[in-house]
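# Understanding the architecture of this molecule
Spelled out from the first residue to the last, the chains are:
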Amino acid sequence: MTDLRVLKTKRAIQDAFVDLVLTEGFERVTVSGLARRAMINRQTFYTHYLDKYDLAEKLSQKVVAGFGDIAQLRIQLIQQELTVIQIVDRLRPGLTALIKNYRRPILALRTIHLNDFDLTQQITDQVKKATSQMLGESASPFELAVVSGVVNSVFNYLLEYNSLPTDEEIAEGLTRIKDFFK
């Protein structure tokens with residue numbers, strides 16, 4: 001079992017990181033600034049993370065894992081004959097928890113675009129992988145692009161409004177979207 005002090009320290013470091021990335025930008029974040037904001041010394045930071053890039057990666061892994069859990073549930077639901085509303089209702093608790101626990105870290109991480117780090121791309125890759133599992137080998141690049149675009153748009157909606165639309169709003173929206181393509 002992990003020591004409560006270690007958990008609190010990591011939480012303080014992560015919160016400081018998110019605050020600084022959102023207010024100053026990732027490029028301006030320093031370990032000294034993180035340590036000052038988290039009220040720890042620099043050595044304590046280095047006990048848990050190699051550098052700010054390692055911290056961003058580890059925080060992103062938590063988010064991507066949470067998203068992956070939701071994707072796996074969606075894959076399991078493919079065998080059941082459910083309506084879109086029923087699927088959303090089954091996914092809603094996981095999505096709500098993900099946003100509740102990681103909204104600010106997600107907003108911060110999405111501002112970081114490095115050669116080997118891009119949260120939006122990591123999530124898109126997860127969606128494409130899940131879509132391929134659901135549709136099988138027949139998933140075309142077009143289908144993968146459309147599904148990942150829709151999922152990313154719903155994710156953006158969740159981040160902006162902090163909740164999913166109601167079942168009625170989803171049903172009405174899907175009807176209007178369908179009518180758009182007539």
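Heads up: the structure comes first, above all this text.
First things first, this report covers the structure right here in the doc. (Residues numbered from 1 in each chain as written. Predicted model: local features only at pLDDT ≥ 70, side-chain atom pairs only at ≥ 80, totals over all residues. Heavy atoms only, no water.)

### What about a nonpolar patch on the surface?
There is a patch of nonpolar side chains on the surface, built from Val84, Leu174, Ile177, Phe180 and Phe181 and spanning about 560 Å² of accessible area. Ranked by the residues each element gives to the nonpolar patch, the list is headed by helix 8 (residues 167-180), at three residues. One can find Val84 in helix 5 (residues 84-109). (Patch = residues over 30% accessible without salt bridge, like charges linked within 9 Å, V, L, I, M, F, W, Y side chains within 5 Å. Areas by Shrake-Rupley, 256 points an atom, 1.4 Å probe, with all protein chains shown as cover. Salt bridge = Lys/Arg side-chain N within 4 Å of Asp/Glu carboxyl O. Helix = DSSP H or I, 4+ residues; strand = E, 2+ residues; numbered from the N terminus.)

### A closer look at the side chain of Asp54
Relative to the elements of secondary structure, Asp54 occurs in helix 4 (residues 52-77). The class of Asp54 is buried, set by a relative accessible area of 14%. What Asp54 contacts, discounting residues up to four positions off in sequence, is His48 and Tyr49. (Buried < 20%, exposed > 50% of the residue type's maximum accessible area, 1.4 Å probe, protein only. Contact = heavy atoms within 4.5 Å.)

### Examining the packing of aromatic side chains
Evaluation of the coordinates by the stated rule reveals seven aromatic pairs. Among the aromatic residues, those joined into a cluster by ring pairs are Phe17, Phe26 and Tyr53. In this structure, Lys52 packs its charged tip against the face of Phe26, placed 4.4 Å from the ring centre. (Phe/Tyr/Trp six-rings, centres within 6.5 Å; stacked < 30°, edge-to-face > 60°. Lys NZ or Arg CZ within 6 Å of the ring centre and 35° of its normal.)

### Points about the side chain of Ser60
Considering the arrangement of structural elements, one finds Ser60 in helix 4. Judged by relative accessible area, Ser60 falls into the buried class, the value being 1%. With near-sequence residues (within four places) excluded, Ser60 lies in contact with Leu109, Phe117, Leu119 and Gln122.

### Observations regarding the packing of helix 5 against helix 8
To characterise two packed helices, one gives the angle between the axes of the helices and the distance between these axes. Viewed as axis vectors pointing N to C, helix 5 and helix 8 meet at an angle of 140 degrees, and their least axial separation amounts to 10 Å. When the axis of helix 5 is compared with that of helix 8, the two are oblique. Both helix 5 and helix 8 take part in a crossing whose hand is right-handed. Here helix 5 contributes Val84, Ile85, Val88, Asp89 and Arg92 to the contact with helix 8, which in turn contributes Asp167, Ile170, Ala171 and Leu174. (Axes fitted to C-alpha atoms, helices over the stretch in contact; angles between N-to-C directions. Parallel < 35°, antiparallel > 145°, perpendicular 65-115°, else oblique. Left-handed = near helix turned anticlockwise from the far one by under 90°.)

### Remarks on the environment of Thr47
Tracing the sequence through the fold places Thr47 in helix 3 (residues 42-48). Residues Thr47 and Asp167, spaced 120 residues apart in sequence, show a C-alpha to C-alpha distance of 46 Å. Polar side-chain contacts of Thr47 include one of 2.9 Å to the backbone oxygen of Gln43. (Polar contact = N/O pair within 3.5 Å; in protein donor to acceptor, adjacent residues only side chain to side chain.)

### A word on the pattern of salt bridges
As enumerated under the stated definition, the model contains eight salt bridges in all. Through salt bridges with shared partners, a single network forms among Asp19, Arg37 and Arg104.

### Topic: the layout of surface pockets
If you add up the space inside the largest pocket, you get close to 1200 Å³. Around the largest pocket sit 30 residues that line it, and Val84, Val88, Val150, Val151 and Val154 are the ones nearest its centre. Residues of the lining of the largest pocket, tallied by class, amount to 26 nonpolar, two polar and two charged. By volume, the second largest pocket amounts to about 190 Å³. The wall of the second largest pocket is formed by Leu7, Lys10, Arg11, Gln14, Tyr49, Lys58, Lys62, Asn101 and Tyr102. Among the elements of the structure, helix 1 (4-24), helix 4 and helix 5 are those that each provide at least two residues to the lining of the second largest pocket. Sort the elements by how many residues they give to the lining of the second largest pocket and helix 1 lands first, with four residues. Residues that form the lining of the second largest pocket fall into these classes: three nonpolar, two polar and four charged. (1 Å grid on protein atoms, 1.4 Å probe; cavity = no way out; pocket = protein on both sides within 12 Å on 5 of 7 lines; lining within 4 Å. Points joined across faces, edges and corners; volume = space filled by probe spheres on them. Nonpolar A, V, L, I, M, F, W, Y, C, P; charged D, E, K, R; others polar.)

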